[in-house]
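Here is what each chain is made of, one letter per residue.
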Protein chains: 2
Amino acid sequence: MSTLREEVEQEFRDLRDRICARLEALEPAGAKFRCTPWQRPGGGGGEMSEIRGDLFEKGGCNFSAVSGDRYPGVPEGRVAEGDAALGIQPPRAEEMAGKPFFAAGVSLVMHPRNPNVPIVHMNVRYLEVGDVFWFGGGMDLTPFKAFDEDTALFHAVLQSVCGPERYARFSRWAKEYFFIAHRHSERGVGGVFFDYLRGEESWPFVQAIGDAFLPAYTPIVERRRDTPWTELDRAAQLKWRGRYVEFNLIYDRGTIFGLRSGGNVEAIFMSLPPLASW
Amino acid sequence: MSTLREEVEQEFRDLRDRICARLEALEPAGAKFRCTPWQRPGGGGGEMSEIRGDLFEKGGCNFSAVSGDRYPGVPEGRVAEGDAALGIQPPRAEEMAGKPFFAAGVSLVMHPRNPNVPIVHMNVRYLEVGDVFWFGGGMDLTPFKAFDEDTALFHAVLQSVCGPERYARFSRWAKEYFFIAHRHSERGVGGVFFDYLRGEESWPFVQAIGDAFLPAYTPIVERRRDTPWTELDRAAQLKWRGRYVEFNLIYDRGTIFGLRSGGNVEAIFMSLPPLASW
C-alpha cells in the first residue's frame, strides 16, 4: 500500500501546482498564490496556498498529508444516511475506531470578487484507516447568480469524466451532500460528490476528477469576469457567502474532520470567504 | 408547573421590551428594533427584534416560547464534559429522549459598528422536558480591543448579582463554554454561563441576571461610543467577528438546539454579525 500512498501524494502535489499556475494566469495584475507549509504535531502536515487577487478576492488550494495513531472519525447523522441511501458501504465504525490513519488530499475553494463569477469548490482525497483505504472527493459550483449555460458546461465536463453511471450516482450524492438543511436549500447548482471508493482501481478516476477541475471552471471564469455588477449584486453576493459559511461550519465533512484531527486552522478555513454578511 | 411557565413567559416578554427600549435610546439617529413574529409549525413561536442602526450595526433581541412532542436534545461532547467537571447534573438522556418539551427564552446579541465598543451576548431560558424543568442562561462580552476597566465593570455587575459562590462557579463555566476550541482561545473576556438550574427557587436569580444586562453593558457603550477608530481597527474587528461566527455555528448550544428543533432560521442567526471576514 505504501507505493500507492507515495504515488497519490506525488500526484496530489502536482495537481495543486498545475491548478495554482493556471488560476494565477487568470489574474489581471499578477496576483500569486502564497504557499505556507505547516506541520501537524501528531504527524504529517501540508502546504496551504492562498491567493488574494483582483479576480479572486480570496482563494485557497491546499495540499495535505497527515497521519496519526487514532482516526478521529466523522460525525454521524444526515450525511451517513445519504451514503446508505446511495448504496455506499462506509467502513464500519469498529473497523476504524482508534486505528492508525493516513489522509492525503487537495482542497480548493475560490471566492471571486465579481458576483457574476461563481464560487467553486474541489476536493480529492485518499484515506487509510487500519487495514482499509478509500478515495473520496468531488466538486461543486455556487453561483450567486446562476447562468444556465455555466451550469450546463460544468456538469457536461463532469459527466464526460465520470461516465453516465457514476455521474448519475455522484451528482445525486452532491445534491444531498451540498445541502443546507436548515435553509432547505442546495448551496449551489451541484456537481459531484463521492466517498468510500475502495480499491486501487478507483485511483485513475480520482485523478481524472482532479484533472477535470480546470476545464470545468476556467471557461466560466473567462465568460463572466468582465460582466459589470452593481452594489446591490455585491450585497446579495455577501449574503450568499454567509450561507457558504453556514454550510462549511455546520455540515462539511472535511472541515469537521480537519478540526477534530487537529489540522491547521488556517488551512481548514481557507474555504471561508474574505467577506460575508448576515 | 403551568403557573410558573406563564409567569416566566410574561416576564421574558417584559425583559425583552425593557432592553429594546433602552438600547434604542442609545441610537443617535433614532434607529428602532423591528419586531417580526414567527410561528413554529410544531408548536409555539416567537418574536425576533432586529435593529440596524448607527451605533449598533446589527443587533437582535429575541423572545421565543416553543413546544413540541419530542425533545431534540443537545449534542454530546466538550460541553457536557464541562458541565460534569463543574459538578452539574444535567438531566439524564433517558429522562429526556423523545419527551414533550417546552422552551422559553430571551436571546440577545449586539454588534456595534465602532470597534471600540464590545459585542455583547445575553440569554435567559427556561426548559421543561417530560417531568423535569430547569433554567439556564448567561452573558458574555467580546471586545475586539479589550479595556480593563470595561471588563472589570461587566464582571463587577455580574458578581454583585450572582454573589461570590455562584459568580465563582458560573464565571468559570463561561470560561469553559465561550471557548473556541479549534483556536485554543476564549471568544472574549468572559462573563457567566449556567445551565440545568432546577427548581422554582432559581427563578428569582434568573430574573436578576436578565435585569443585570443593561447596567452591565450600557455604561461601556456610553464610555466607548465616541472613541475614534481607523480602517485597520475595522479590518481587525471584521476578522474578530469571523471567530464569533465560528463559535456560534460550531459550538453554541442555543444555535444547535434551535436548528435541531426546527426553530426560525432568521431568529437563530440574529446572533451572526452584519459583516465578517476571513
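Conventions and cut-offs
- Residues numbered from 1 in each chain as written.
- Chains lettered and ligands numbered in written order.
- Predicted model: local features only at pLDDT ≥ 70, side-chain atom pairs only at ≥ 80, totals over all residues.
- Heavy atoms only, no water.
- Helix = DSSP H or I, 4+ residues; strand = E, 2+ residues; numbered from the N terminus.
- Rg over C-alpha atoms; globule rule 2.2 N^0.38 Å.
- Buried < 20%, exposed > 50% of the residue type's maximum accessible area, 1.4 Å probe, protein only.
- Contact = heavy atoms within 4.5 Å.
- Least-squares fit on C-alpha atoms with pLDDT ≥ 70 in both.
- Polar contact = N/O pair within 3.5 Å; in protein donor to acceptor, adjacent residues only side chain to side chain.
- Pairing = 2+ DSSP bridges.

Draft legend 1. Main features of the overall build of chain A. When its secondary structure is counted, chain A shows eight helices and ten strands. For 278 residues, the compact-globule estimate of 2.2 N^0.38 gives 19 Å, and chain A sits close to it at 18 Å. Viewed in the frame of its principal axes, chain A has a C-alpha envelope of about 55 × 40 × 35 Å. Here chain A holds 278 residues, and 59% of them are scored as buried. Contacts spanning at least 24 positions in sequence make up 74% of the contacts within chain A whose residues lie at least 6 apart.

Draft legend 2. Structural detail: the relation of the copies chain A and chain B. Overlay of chain A on chain B (RMSD 0.0 Å): rotation 180 degrees, translation along the axis 0.0 Å. What the superposition gives is, in effect, a two-fold axis relating one chain to the other. Taken together, the interface assignments show that 100% of the residues at the interface of chain A recur at the interface of chain B, consistent with an identical surface on both copies.

Draft legend 3. Region of the structure containing the environment of Glu186(A). Residues and elements named next belong to chain A. You can see glutamate 186 is positioned in strand β8 (residues 185-186). Sequence-distant contacts of glutamate 186, that is, excluding residues within four places in its chain, are made with Lys175, Phe178 and Phe179. Polar contacts involving the side chain of glutamate 186 include one to the side chain of lysine 175, which spans 3.5 Å.

Draft legend 4. Highlighting helix α7 (residues 253-260) of chain A. Residue and element names in this part refer to chain A. When we look at burial in α7, the residues that qualify are Arg253, Thr255, Ile256, Phe257 and Gly258. The backbone nitrogen of glycine 254 lies 3.3 Å from a side-chain oxygen of the residue at the head of α7, namely aspartate 252. Downstream of α7 by one or two residues, glycine 262 has phi in the positive range, about 70 degrees.

Draft legend 5. Structural detail: the pairing of strand β1 (residues 34-39) of chain A. Residues and elements named next belong to chain A. For β1 and strand β2 (residues 44-51), the ladder comprises six bridges, and the chain directions are antiparallel. The residue of β2 that forms the bridge with proline 37 is glutamate 47. Hairpin connection of β1 to β2: four residues between the antiparallel strands, including glycine 43 at a positive phi of 140 degrees.

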